[in-house]
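# Reading the structure
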Amino acid sequence: MHIEEWLETVPAVSVYLLVGLVIGLESLGIPLPGEIVLVSATLLAASQDHINPYILGASAIAGAVIGDSIGYLIGRKGGQPLLTWLGRKFPKHFSAEHVATAERSFQKWGMWAVFVGRFIALLRIFAGPLAGVLQMPYWKFLIANVLGGIIWAGGTTAVIYSLGKVAEDWLKRFSWLGLVLALLFGLGSMLVMKWRSKKAKPAAAVTTADSETAEPEPVRTGD
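Let me begin by describing the structure that accompanies this report. Not measured: the values here are computed from a predicted model.

Glancing now at the overall build of the protein chain. Summing up its helical and strand segments, the protein chain has twelve helices and zero strands in all. Its helices and strands taken in sequence order, the protein chain reads α-α-α-α-α-α-α-α-α-α-α-α from the N to the C terminus. Residues classed as buried in the protein chain amount to 44% of the 223 residues present. Carbon together with sulfur atoms contributes 69% to the accessible area of the protein chain, which is approximately 12,300 Å² in total.

Time to look at the pattern of salt bridges. One pass over the structure, following the stated rule, counts one salt bridge. Notably, a salt bridge pairs Arg-118 with Asp-68, separated by 2.9 Å at the nearest N-O pair. Within this pair, whereas Arg-118 is found in the loop between helix 7 (111-117) and helix 8 (121-124), its partner Asp-68 is found in helix 4 (residues 53-78), the two being separated by 50 residues in sequence. Accessibility classification places Arg-118 together with Asp-68 in one group, the buried group.

Glancing now at the packing of helix 2 (residues 12-28) against helix 4. Two elements in contact, helix 2 and helix 4, have axes separated by 7 Å at closest approach and are oriented at 30°. Compared by their axis directions, helix 2 and helix 4 come out roughly parallel. Crossing hand, helix 2 versus helix 4: right-handed. Contacts from Val-15, Tyr-16, Val-19, Gly-20, Ile-23, Gly-24, Ser-27 and Leu-28 of helix 2 reach helix 4 at Ile-55, Leu-56, Ser-59, Ala-60, Gly-63, Ala-64, Gly-67, Asp-68, Ile-70, Gly-71 and Ile-74. Across the contact of helix 2 with helix 4, the residue classes break down as eleven nonpolar, seven polar and one charged.

On to the environment of Leu-32, then. Checked against the element boundaries, Leu-32 lands in the loop between helix 2 and helix 3 (34-47). Along the sequence, Leu-32 and Ile-125 sit 93 residues apart, while their C-alpha atoms lie 8.7 Å from each other. Among residues more than four places away in sequence, those in contact with Leu-32 are Val-22, Leu-25 and Glu-26.

Two measures describe an aromatic ring pair: the distance that separates the ring centres and the angle between the ring planes. One pass over the structure, following the stated rule, counts five aromatic pairs. Ring centres 6.1 Å apart and planes at 35° place the aromatic pair Tyr-138 and Phe-141 in the tilted group. One end of the pair, Tyr-138, and the other, Phe-141, are both in helix 10 (residues 138-166), three residues apart, so they sit about a helical turn from each other. Given a relative accessible area of 0%, Phe-141 falls into the buried group. Feature note: the residues Tyr-72, Tyr-138 and Phe-141 constitute an aromatic cluster, connected by ring pairs.

Core analysis: the biggest nonpolar cluster contains 18 residues, and Val-15, Val-19, Ile-23, Leu-38, Ile-51, Leu-56 and Ala-60 have the highest contact counts within it. If you list the elements that add at least two residues to this core, you get helix 2, helix 3, helix 4 and helix 10. Residue contributions to this core peak at six residues, all from helix 2. Dropping the residues within four chain positions of it, Ile-51 is found in contact with Ala-12, Val-15, Tyr-16, Leu-44 and Ala-45. Counting twelve residues, the second-largest nonpolar core is a separate cluster that includes Phe-106, Val-114, Phe-115 and Phe-141.

To continue, consider the side chain of Thr-157. Examined against the element boundaries, Thr-157 turns out to sit in helix 10. Judged by relative accessible area, which is 3%, Thr-157 ranks as buried. A polar contact of 2.8 Å, which involves the side chain of Thr-157, links it to the backbone oxygen of Ala-153. Not counting chain neighbours up to four residues away, the residues in contact with Thr-157 comprise Leu-38, Thr-42, Pro-53, Leu-56 and Gly-57.

Cut-offs and rules
- Residues numbered from 1 in each chain as written.
- Predicted model: local features only at pLDDT ≥ 70, side-chain atom pairs only at ≥ 80, totals over all residues.
- Heavy atoms only, no water.
- Helix = DSSP H or I, 4+ residues; strand = E, 2+ residues; numbered from the N terminus.
- Buried < 20%, exposed > 50% of the residue type's maximum accessible area, 1.4 Å probe, protein only.
- Areas by Shrake-Rupley, 256 points an atom, 1.4 Å probe, with all protein chains shown as cover.
- Salt bridge = Lys/Arg side-chain N within 4 Å of Asp/Glu carboxyl O.
- Axes fitted to C-alpha atoms, helices over the stretch in contact; angles between N-to-C directions.
- Parallel < 35°, antiparallel > 145°, perpendicular 65-115°, else oblique.
- Left-handed = near helix turned anticlockwise from the far one by under 90°.
- Contact = heavy atoms within 4.5 Å.
- Nonpolar A, V, L, I, M, F, W, Y, C, P; charged D, E, K, R; others polar.
- Phe/Tyr/Trp six-rings, centres within 6.5 Å; stacked < 30°, edge-to-face > 60°.
- Core = buried A, V, L, I, M, F, W, Y, C linked by side-chain atoms within 4.5 Å.
- Polar contact = N/O pair within 3.5 Å; in protein donor to acceptor, adjacent residues only side chain to side chain.

What follows is the structure, encoded as structure tokens:
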């Protein structure tokens with residue numbers, strides 16, 4: 001069976017559920033390639049008429065908002081021990097350096113860190129749990145969470161789908177092109193995340209040294 005014919009047999013509902021589930025779990029705090037899955041599914045929708053881009057975008061938005069909200073509640077109940085546990089389970093993503101970087105972002109920007117974090121691979125998995133751990137008021141978190149989810153998930157779907165339709169003839173002739181583009185996009189995200197991690201290490205070391213010689217100040221996230 002030709003790959004194009006096989007793609008036509010993929011149930012649209014399974015694509016919607018997969019996108020919503022992966023993005024939801026990533027937003028909850030589990031390191032998963034949500035962005036790669038969304039881009040891949042959107043490129044698939046651009047070449048397959050039975051996959052509705054509006055439903056796909058709505059599934060992505062729902063996964064982002066619900067996942068972040070669950071992560072917030074878990075962080076609120078789990079507190080600092082949760083970050084320690086996540087550091088043991090996912091040392092590459094929840095290392096002391098990454099946590100320190102995320103905490104500085106939240107201390108400086110508050111609810112804007114939740115909004116902007118939706119667009120940054122490193123902060124995306126931290127936003128919900130860390131906002132809960134730092135006791136950010138839920139109404140502030142919810143506003144930033146919903147707006148960030150709509151603009152990131154909806155915007156990504158709209159842009160990638162539009163580009164995919166423009167290149168539809170190419171996608172039909174070379175069905176692997178969409179997968180290659182998605183992989184390149186994901187690789188670029190990982191390289192950026194690693195670069196940010198290396199850049200954050202010296203600052204994290206300074207923060208750790210300061211915390212050993214000074215009294216910690218309470219984190220303020222607003223009333």
